[in-house]
Amino acid sequence: MKVKAIVMDEQEMDLTIRRIAHEILEKLRGAKGAVLIGIQRRGVHLSHRIRDVLKSSGYGELPCGELDITFYRDDLSLMADHPMVHSTSIPVDITGKDIVLVDDVLFTGRTVRAALDALMDMGRPRRVLLAVLIDRGHRELPIHPDIVGRVVPTSRDESIEVFVKELDGKDEIVIVAKE
């Protein structure tokens, strides 16, 4: 894949995550009763960073979970014979809670649909907010984020790659041309 543009470097990612954290507080009117849930894989690390920003801002430590949506995907039959399954761990009962679902890139909306199905199998939240680092458009389902780090228009011949230190050794977001 050929890198076409750098969308965010490490410093811009940090500032954007901090802004997202504070927008979450504004939307929820505080953090009481909220649960952060990151969608596997990079959404998990982003949710942990948001939690850390909120904690360092004096809002205590919000419960932070991780959600694997593999078996909720509508394209599971199109995936490899042995899809990569990651952990799901929600530290509290989500019934009646304000859930902030965190993901790195919002594209067609199908990942979020799968995540909502998975959440509903675990309980009945009071409400669910969607926070994404990048919204690249091209929605196929009527799903829209409540909190967006940056809108990055792309063509279908491009993709967005998000790198996080925890998995990739660096923080960076780039647009790449599909080959």
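Before any of the text, the structure's been laid out above.
Residues numbered from 1 in each chain as written. Predicted model: local features only at pLDDT ≥ 70, side-chain atom pairs only at ≥ 80, totals over all residues. Heavy atoms only, no water.

## Here's the deal with the nonpolar core
Inclusion rule: In these notes, a set of buried Ala, Val, Leu, Ile, Met, Phe, Trp, Tyr and Cys residues joined through side-chain atoms within 4.5 Å is what counts as a nonpolar core. Each residue is placed in one exposure class: buried if its accessible area under a 1.4 Å probe, protein chains only, is under 20% of its type's maximum, exposed if it is over 50%, and partly exposed if it falls in between. Starting at the N terminus, helices and strands are each numbered in turn, a helix being any DSSP run of H or I of at least four residues and a strand any DSSP run of E of at least two. A contact between two residues is defined here by any heavy atoms of the two lying within 4.5 Å.
One finds I24, L36, I50, L133, I134, I160 and I173 to be the most contacted residues of the largest nonpolar core, which totals 32 residues. Secondary structure elements with two or more residues in this core: β1 (2-8), α1 (10-28), β2 (34-39), α2 (42-56), β4 (98-106), β5 (127-135), β7 (158-163) and β8 (172-177). By residue number, the principal contributor to this core is α1, which donates 7 residues. Residues contacting I24, with those up to four places away along its chain left out, are L36, I50, V100, A131 and I147.

## Here we look at the environment of I175
You can see I175 is positioned in strand β8. Overall, I175 belongs to the buried group, its relative accessible area being 10%. For I175 and M1, which are 174 residues apart along the polypeptide, the C-alpha to C-alpha distance reads 9.7 Å.

## A few points about the sheet that holds β7
Note the cut-off: In this scheme, strands are said to pair when DSSP sees at least two bridges between them. The axes are straight lines fitted to the C-alpha atoms, using for helices just the contacting stretch, and the angles between their N-to-C directions are given from 0 to 180°.
With respect to topology, 3 strands assemble into an open sheet ordered β1-β8-β7, the strand pairing being antiparallel. Looking at which strands have only one partner, the edges of the open sheet turn out to be β1 and β7. Between one strand axis and the next, the sheet turns through 30° on average, direction left out of account. The strands touched by α1 are β1, β7 and β8; relative to β1, the strand with the most contacts, the crossing angle is about 45°.

## Side note on the pairing of β2
Put simply, the rule is: Orienting the strands away from the viewer, one traces the path from the first strand over the helix to the second; a clockwise path indicates a right-handed crossover.
The element β2 is largely enclosed, with a buried count of 6 among its 6 residues. Side-chain alternation along β2 places A34, L36 and G38 on one buried face and V35, I37 and I39 on a second face that is also buried. Here β2 pairs with β4 via 5 bridges, running parallel. Paired with V35 across the strands is I99, a residue of β4. Pairing between β2 and strand β3 (residues 64-67): 4 bridges, direction parallel. Note on β3: the bridge partner recorded for L36 is C64. Chirality of the crossover, the property in question, places the unit of β2, α2 and β3 among those that are right-handed.

## Some words on unusual backbone geometry
Looking along the chain, the bond that leaves Q40 and enters R41 is cis, with omega of 10°. Here R41 shows up in the loop between β2 and α2. Unlike most non-glycine residues, R29 shows phi in positive territory, near 55°. One can find R29 in the loop between α1 and β2. With phi around 70°, H138 is a residue other than glycine that occupies positive phi space. Relative to the helices and strands, H138 resides in the loop between β5 and β6 (147-151). Accessibility expressed as a relative area gives 25% for H138, which makes it partly exposed.

## Re α1
Put simply, the rule is: The span one expects for a helix is its residue count, reduced by one, times 1.5 Å.
Look at α1: 27 Å from first C-alpha to last across 19 residues, which is about the 27 Å you get at 1.5 Å a residue. If you check which residues of α1 are buried, you get M13, T16, I17, I20, A21, I24, L25 and L28. Backbone geometry just downstream of α1 places R29 in the positive-phi region, at approximately 55°.

So, to be careful, I would describe these as geometric facts and stop short of saying anything about function.
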